[in-house]
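Per-entry structural report
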Amino acid sequence: METQPLSKFSIYVSKLTVLLIGNLIAIISFLGSFVVVMWILSLIKDVPENVTTNIPFGYLGQLIIRMFVASLFLSVVQFVISVVFNSFILPILIGFFAMLGTQILDGFQMYRVWNPFTILSRTALNSSGSQLDYFLLYTEKISIIGFLITALIGFIWYQNKTFKRTFLKPKNLMKITGIAFLGVIGISFLVS
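Remember, predicted model here, so these are calculated numbers, not experimental data.

Here's the deal with the packing of aromatic side chains
Inspection of every chain in the model, using the stated rule, returns five aromatic pairs. Summarising the aromatic geometry, the rings of Tyr12 and Tyr158 are spaced 5.7 Å apart at their centres and angled 35 degrees between planes, so their arrangement reads as tilted. Taken together, the residues span a long stretch of sequence, with Tyr12 in helix α1 (residues 8–44) and Tyr158 in helix α5 (residues 138–160) at a distance of 146 residues. Of the residues examined, Tyr12 reaches a relative accessible area of 3% and is grouped as buried. An aromatic cluster is built from Phe9, Tyr12, Phe79, Phe155 and Tyr158, whose rings are joined through pairwise contacts. Over the ring of Tyr158 we find Lys8; its NZ or CZ atom is 5.6 Å from the centre of that ring. A cation over an aromatic ring shows up here: Lys141 above the ring of Tyr134, its NZ or CZ 5.4 Å from the ring centre.

So, the nonpolar core
Core analysis: the biggest nonpolar cluster contains 22 residues, and Tyr12, Leu16, Leu20, Val76 and Phe147 have the highest contact counts within it. Elements that contribute at least two residues to this core include exactly α1, α2 (57–84) and α5. Considering each element in turn, this core owes the most residues, ten residues, to α2. If sequence neighbours within four positions are ignored, Tyr12 has contacts with Phe79, Val80, Val83, Thr150, Ala151, Gly154, Phe155 and Tyr158.

What to know about the pattern of salt bridges
Considering all chains together, one arrives at one salt bridge under this definition. One salt bridge in this structure joins Arg66 and Glu140, with 3.1 Å as the shortest N-O distance. In this pair, Arg66 is assigned in helix α2 and Glu140 in helix α5, connecting sequence segments 74 residues apart. The class of Arg66 is buried, set by a relative accessible area of 0%.

The rules we used
Residues numbered from 1 in each chain as written. Predicted model: local features only at pLDDT ≥ 70, side-chain atom pairs only at ≥ 80, totals over all residues. Heavy atoms only, no water. Phe/Tyr/Trp six-rings, centres within 6.5 Å; stacked < 30°, edge-to-face > 60°. Helix = DSSP H or I, 4+ residues; strand = E, 2+ residues; numbered from the N terminus. Buried < 20%, exposed > 50% of the residue type's maximum accessible area, 1.4 Å probe, protein only. Lys NZ or Arg CZ within 6 Å of the ring centre and 35° of its normal. Core = buried A, V, L, I, M, F, W, Y, C linked by side-chain atoms within 4.5 Å. Contact = heavy atoms within 4.5 Å. Salt bridge = Lys/Arg side-chain N within 4 Å of Asp/Glu carboxyl O.

Written as structure tokens, this is what we have:
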């Protein structure tokens, strides 16, 4: 892939796009299979009279969008880890142990808002939206900001391929500092 006559930007963005499309397909397949299984169960078993059997398409559409937005940050973190490490198994192990560590911290009621797994769990706990009638939760907005920052830093890393050239080159250091500054401004507007 690296020897193709394409720019690194187009390779990076196309791989990230394939990942995001795969995430969207997985979310739609999961909720679609849930609706199909419930429909089949309603045909097999007797449904009580006071139960509605309408499919809430509006709610499912909102849930698909919110789950996709909540998964953006986790997806790009795993993507950047797979860009940094050439090994196939190492990004999988890092993701597994990060998920396991999050579950252990949740057992001690230690929640971190910036943790991608925590963002997904907040979306699962508030599946109908925020209590103030906002479409997105603040953790989902953090997911968007984290996605953009991590994707940009990941591209700079992909372009340079080493830690030293990524963070110690003055031009790249200014880019990363600018991205981090914009991220802090974005999060401060989000929190206030």
